[in-house]
Amino acid sequence: MRGMVTGRVKVLERAVAEQDWLRVETLGAELEKALKKMPEGERVRAVLVGLKADKEAQSVLKAQKKVAKLIDGGVKKSKRDRVKKELKKIRDDYPGTAAERDARKAIESLTG
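Residues numbered from 1 in each chain as written. Predicted model: local features only at pLDDT ≥ 70, side-chain atom pairs only at ≥ 80, totals over all residues. Heavy atoms only, no water.

Novice: Whenever I open this one, the overall build of the protein chain confuses me. Can you help?
Specialist: If you tally the helices and strands in the protein chain, you get six helices and zero strands. Start at the N end of the protein chain and walk to the C end: the helices and strands fall as α-α-α-α-α-α. Seen along its three principal axes, the alpha-carbon backbone of the protein chain occupies a region of about 50 × 25 × 15 Å. Looking at the 112 residues of the protein chain, the share that counts as buried comes to 33%. A separation of at least 24 residues holds for 52% of the contacts in the protein chain among residues at least 6 apart in sequence. In the protein chain, the 29 positive side-chain charges and the 18 negative ones have mean positions that sit 5 Å from each other. (Helix = DSSP H or I, 4+ residues; strand = E, 2+ residues; numbered from the N terminus. Buried < 20%, exposed > 50% of the residue type's maximum accessible area, 1.4 Å probe, protein only. Contact = heavy atoms within 4.5 Å. Lys, Arg positive; Asp, Glu negative; His and termini not counted. Charge placed at Lys NZ, Arg CZ, Asp CG, Glu CD.)

Structure follows, in structure tokens:
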């Protein structure tokens, strides 16, 4: 059990290092509940508090959530052009971030 917990916390820390804020928020929320009474839980809470306090990270997180919402459940053919346009805007507005990466992948999936 301890090894699994440590491994999941390392995945969270890797997501922080990669500035993948959507992954940090999602995994952090899961881990925070599961590790409530364990020492690793404090590390997870600290990461989540830091994320909430970081305005730049919050902006990227918001863009990542928008990308996820745009492609959630697939995109109807009639809406592809509009969705691609929104994804391209996110890609261009957030260079060098996880939001850009996510938008690029989504655009590729819509064109491929």
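Resuming the write-up.
Novice: Mind showing me how you'd approach the pattern of salt bridges here?
Specialist: Close approach of charged atoms lets side chains of opposite charge pair. Per the stated rule, a full pass over the model turns up twelve salt bridges. Here R43 ties to E13 by a salt bridge, and the two come within 2.8 Å at their closest N and O atoms. One end of the pair, R43, is in helix α3 (residues 39–53); the other, E13, is in helix α1 (residues 2–17), and 30 residues separate them in sequence. Relative accessible area serves as the criterion here: at 40%, R43 is assigned to the partly exposed category. With a relative accessible area of 34%, E13 lands in the partly exposed category. In this structure, E86 engages K66 in a salt bridge whose closest nitrogen and oxygen atoms are separated by 3.5 Å. Here K66 lies in helix α4 (residues 55–71) and E86 lies in helix α5 (residues 80–93), a separation of 20 residues in the sequence. (Salt bridge = Lys/Arg side-chain N within 4 Å of Asp/Glu carboxyl O.)

Novice: Which parts of the structure should I look at to understand the packing of α4 against helix α6 (residues 98–111)?
Specialist: Packed helices, taken two at a time, are described by their axes: the angle between them and the distance between them. Here α4 crosses α6 at 15°, and the two axes come no closer than 8 Å. Taken together, α4 and α6 sit at an angle that is classed as roughly parallel. Crossing geometry of α4 relative to α6 is assigned as left-handed. Residues V60, A63, Q64, V67 and I71 of α4 form the contact with α6, whose participating residues are A98, A99, R101, D102, A103 and A106. Of the residues in the contact of α4 with α6, the class split is eight nonpolar, one polar and two charged. (Axes fitted to C-alpha atoms, helices over the stretch in contact; angles between N-to-C directions. Parallel < 35°, antiparallel > 145°, perpendicular 65-115°, else oblique. Left-handed = near helix turned anticlockwise from the far one by under 90°. Nonpolar A, V, L, I, M, F, W, Y, C, P; charged D, E, K, R; others polar.)

Novice: Any chance you could explain the nonpolar core here in plain terms?
Specialist: One recurring pattern in soluble globular proteins: nonpolar side chains tend to sit buried together. Ranked by internal contacts, the top residues of the largest apolar core, which has 27 residues, are W21, V44, L87 and I90. The set of elements that each furnish at least two residues to this core consists of α1, α2 (21–34), α3, α4, α5 and α6. With six residues, α4 is the single largest residue contributor to this core. For W21, the contacting residues outside a window of four places in its chain are V16, L51, A57, V60, L61 and Q64. (Core = buried A, V, L, I, M, F, W, Y, C linked by side-chain atoms within 4.5 Å.)

Novice: Any chance you could explain the environment of D81 here in plain terms?
Specialist: You can see D81 is positioned in helix α5. Spatially, the C-alpha atoms of D81 and L110 are 9.3 Å apart, while their sequence positions differ by 29 residues.

Novice: Could you clarify how one ought to interpret the confidence of the model for the protein chain in this entry?
Specialist: Low pLDDT marks regions whose predicted coordinates should not be analysed in detail. Scored by pLDDT, the protein chain has a mean of 92; 96% of the residues are at 70 or more. Of all secondary-structure elements in the protein chain, the lowest mean pLDDT belongs to α1, at 86, while α4 reaches the highest, 97. (pLDDT = per-residue confidence, 0-100.)

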